[in-house]
Amino acid sequence: MGASGEERDGVALTNLDQPLFEGAGATKRELVDYLDAMRDRIIPVLRDRPLSVIRILRGQDAFMQKNLPKYTPDWVQTVTRWADASKREVRYALCNDRRTLLWFGNQRAIEYHPALTRAERWDAVTDLILDLDPPEGDAFDQVVAAAHLVRQALAEAGLAGVVKTSGSKGVHIFVPVDESVDIVDVAAATRALAARAERIDPSVATTAFIKEDRAGKVFLDSTRAGGATVVAAYSPRLRPGLPVSFPVAWDDLDRVKPADFTIHTAPGLLGGTDPWAERTPAPQRLPDDLVAEGHTIPIARVQAMHEGKRRARARREGV
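Reading the values: rules and limits
- Residues numbered from 1 in each chain as written.
- Predicted model: local features only at pLDDT ≥ 70, side-chain atom pairs only at ≥ 80, totals over all residues.
- Heavy atoms only, no water.
- Helix = DSSP H or I, 4+ residues; strand = E, 2+ residues; numbered from the N terminus.
- Rg over C-alpha atoms; globule rule 2.2 N^0.38 Å.
- Buried < 20%, exposed > 50% of the residue type's maximum accessible area, 1.4 Å probe, protein only.
- Contact = heavy atoms within 4.5 Å.
- Areas by Shrake-Rupley, 256 points an atom, 1.4 Å probe, with all protein chains shown as cover.
- Pairing = 2+ DSSP bridges.
- Axes fitted to C-alpha atoms, helices over the stretch in contact; angles between N-to-C directions.
- UniProt positions renumbered as here; feature names shortened; annotations may be inferred.
- Parallel < 35°, antiparallel > 145°, perpendicular 65-115°, else oblique.
- Left-handed = near helix turned anticlockwise from the far one by under 90°.
- Polar contact = N/O pair within 3.5 Å; in protein donor to acceptor, adjacent residues only side chain to side chain.
- Salt bridge = Lys/Arg side-chain N within 4 Å of Asp/Glu carboxyl O.
- Phe/Tyr/Trp six-rings, centres within 6.5 Å; stacked < 30°, edge-to-face > 60°.

## Topic: the overall build of the protein
- Within the protein one finds 9 helices and 15 strands.
- Taken against the 2.2 N^0.38 rule, which gives 20 Å for 319 residues, the C-alpha radius of gyration of the protein at 20 Å falls within 12% of a compact globule.
- Across its three principal axes, the protein shows a C-alpha extent of roughly 65 × 45 × 45 Å.
- Counting over 319 residues, the protein shows a buried share of 54%.
- Counted over contacts in the protein with a minimum sequence separation of 6, partners at least 24 positions apart contribute 71%.
- On the protein, roughly 14,700 Å² of surface is accessible, and the fraction owed to carbon and sulfur atoms is 50%.

Structure follows, in structure tokens:
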């Protein structure tokens, strides 16, 4: 197969010594080696979940792949779902084994975005998720302050969550929920949780969906619900230096920065541990009052769309 080709677990690996992209600081071999080294941690967070990946081919722009290509090996497990957005059936991969993960690595799949639902239960999300985005720049200390507000709001509601860096500039907070909870109720509870965290200290955090309304505060994004995906724990990110989305203990958040965790450093930091699995609480029922409060809060995207139209109309009319 030549100097840069080999086979692992029956998967032909090619062009392993090529850089992944400009500024990656890593070759395709290093990506494949990372995925292989982390497989016992990554596969459990992908298992049985329809998977979208972000790939980058040589000399091309990155793209998100949901629908599997025709040349996908027949041993890759798949599930087909109807996509309302594109009005077609989409054939997703289920990354349930080492071979599939290696195949994706060889396809230059950098980022792994599993669905929040499992293949056999499309009607039940497994996690309530808040995505915390900093204002302009790398204000990770502000993100950490906002994350502690969310933790306090969770504790006051009798809930527990687990946190990881996003691999970019923010953090993701996951709250495992009982799969008997309706998707619409999980989405409502997510909005209420964000609102409660904002009320604890509105100088730090905001639920304002429209960027110009955030006034330099951390955005508590409550829209990762239902059909959304969130990058998996331990997934690399398509950023210079190949950072990874990495679990952090709540009490350690103040002592880390996202760039600490890359495909080069993450395996060594973990030793033989799997902190995401170890820290993730058991699925929880959502308090009725949290769900009820959320149903009184408009869905952010819908509200932002109406508000955008209202502002445009006001500008046109010179109000």
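## As for the environment of Leu101
- Of note, Leu101 is situated in helix H3 (residues 98-106).
- By relative accessible area, which is 1% here, Leu101 ends up buried.
- Between the C-alpha atom of Leu101 and that of Val11, which follows or precedes it by 90 residues, the distance is 9.9 Å.
- With residues up to four places along the chain from it excluded, the contact list for Leu101 reads Leu35, Arg39, Ile42, Ile43, Leu46, Cys95 and Tyr112.

## Focus on helix H1 (residues 28-37)
- Buried residues of H1: Lys28, Leu31, Val32, Tyr34, Leu35 and Asp36, and no others.
- Each element contacted by the buried residues of H1 is listed here: strand S1 (6-8), strand S2 (11-13), helix H2 (39-46), H3, strand S7 (109-114) and helix H6 (266-270).

## Structural notes on the sheet that holds strand S10 (residues 127-133)
- The strand order S13-S14-S10-S12-S11-S15 describes an open sheet built from 6 strands, whose pairing is mixed. On the outer flanks of this sheet lie strand S13 (205-206) and strand S15 (247-248), each paired with one strand and no other.
- Strand direction decides the pairing type here: S10 and strand S12 (residues 171-176), joined by 6 bridges, are antiparallel. Bridged to Asp127 within S12 is Pro176.
- The strands touched by helix H4 (residues 140-156) are S10, strand S11 (162-165), S12, S13 and strand S14 (218-221); relative to S12, the strand with the most contacts, the crossing angle is about 15 degrees.
- Lying on the sheet, helix H5 (residues 183-200) is in contact with S10, S13 and S14; it crosses S10 at an angle near 40 degrees.

## Quick look at the UniProt feature "domain: DNA ligase D polymerase" (unreviewed entry) in the protein
- Following the UniProt record, one finds the feature "domain: DNA ligase D polymerase" (unreviewed entry) at residues 27-276.
- Split by type, residues 27-276 is 28% helix and 24% strand. Its first and last C-alpha atoms lie 26 Å apart.

## Some thoughts on the packing of H4 against H5
- Where H4 meets H5, the closest approach of the two axes is 8 Å, and the angle between their N-to-C directions is 115 degrees. One element, H4, and the other, H5, form an angle in the roughly perpendicular class. Remark: the crossing between H4 and H5 carries right-handed chirality. Contacts between H4 and H5 pair Leu149, Val150, Gln152, Ala153, Leu154 and Glu156 from the former with Leu193, Arg196, Ala197 and Ile200 from the latter.

## Examining the pairing of strand S9 (residues 121-125)
- Pairing between strand S8 (residues 117-118) and S9: 2 bridges, direction antiparallel. By the bridge assignment for S9, Thr117 is matched with Val125.
- Between S8 and S9, which pair antiparallel one after the other, the connecting turn spans 2 residues.

## Observations regarding unusual backbone geometry
- In this model, Asp9 sits at a positive phi of 55 degrees, which is unusual for a non-glycine residue.
- The phi dihedral of Arg108 is positive, around 60 degrees, even though this residue is not glycine.
- Considering the arrangement of structural elements, one finds Arg108 in the loop between H3 and S7.

## Description of the environment of Tyr71
- Here Tyr71 shows up in the loop between strand S4 (63-65) and strand S5 (77-83).
- Excluding anything up to four places from it in sequence, Tyr71 contacts Arg55, Trp103 and Gln107.
- Only 3.5 Å separates the side chain of Tyr71 from the side chain of Arg55, close enough to count as a polar contact.

## Some details on the pairing of S10
- Most of S10 sits inside the fold, with 6 of its 7 residues counted as buried.
- Bridge analysis of S10 against S14 gives 3 bridges, and the strand direction is antiparallel. Residue pairing across strands places Leu132 opposite Leu220, the latter belonging to S14.

## Digging into the pattern of salt bridges
- With the rule as written, the count across this model stands at 18 salt bridges.
- Notably, a salt bridge pairs Arg255 with Asp252, separated by 2.5 Å at the nearest N-O pair.
- Connected through salt bridges with shared partners, the residues Glu6, Arg8, Asp17, Arg29, Asp33, Asp36, Arg39 and Arg98 form a single ionic network.

## Examining the packing of aromatic side chains
- All told, the structure shown has 6 aromatic pairs when counted by the stated rule.
- The interplanar angle of 75 degrees and the centroid separation of 6.1 Å between the aromatic rings of Phe209 and Phe219 together place this pair among those described as edge-to-face. With Phe209 in the loop between S13 and S14 and Phe219 in strand S14, the pair connects residues that are 10 residues apart, well separated along the chain.
- For Phe209, a relative accessible area of 26% gives the class partly exposed.
- Measuring from ring centre to ring centre gives 4.3 Å for Phe246 and Phe261, while their planes differ by 10 degrees; the resulting arrangement is stacked. In this pair, Phe246 sits in the loop between S14 and S15 while Phe261 sits in the loop between S15 and H6, placing the two residues 15 residues apart along the sequence. Pair check on accessibility: Phe246 and Phe261 agree, each one buried.

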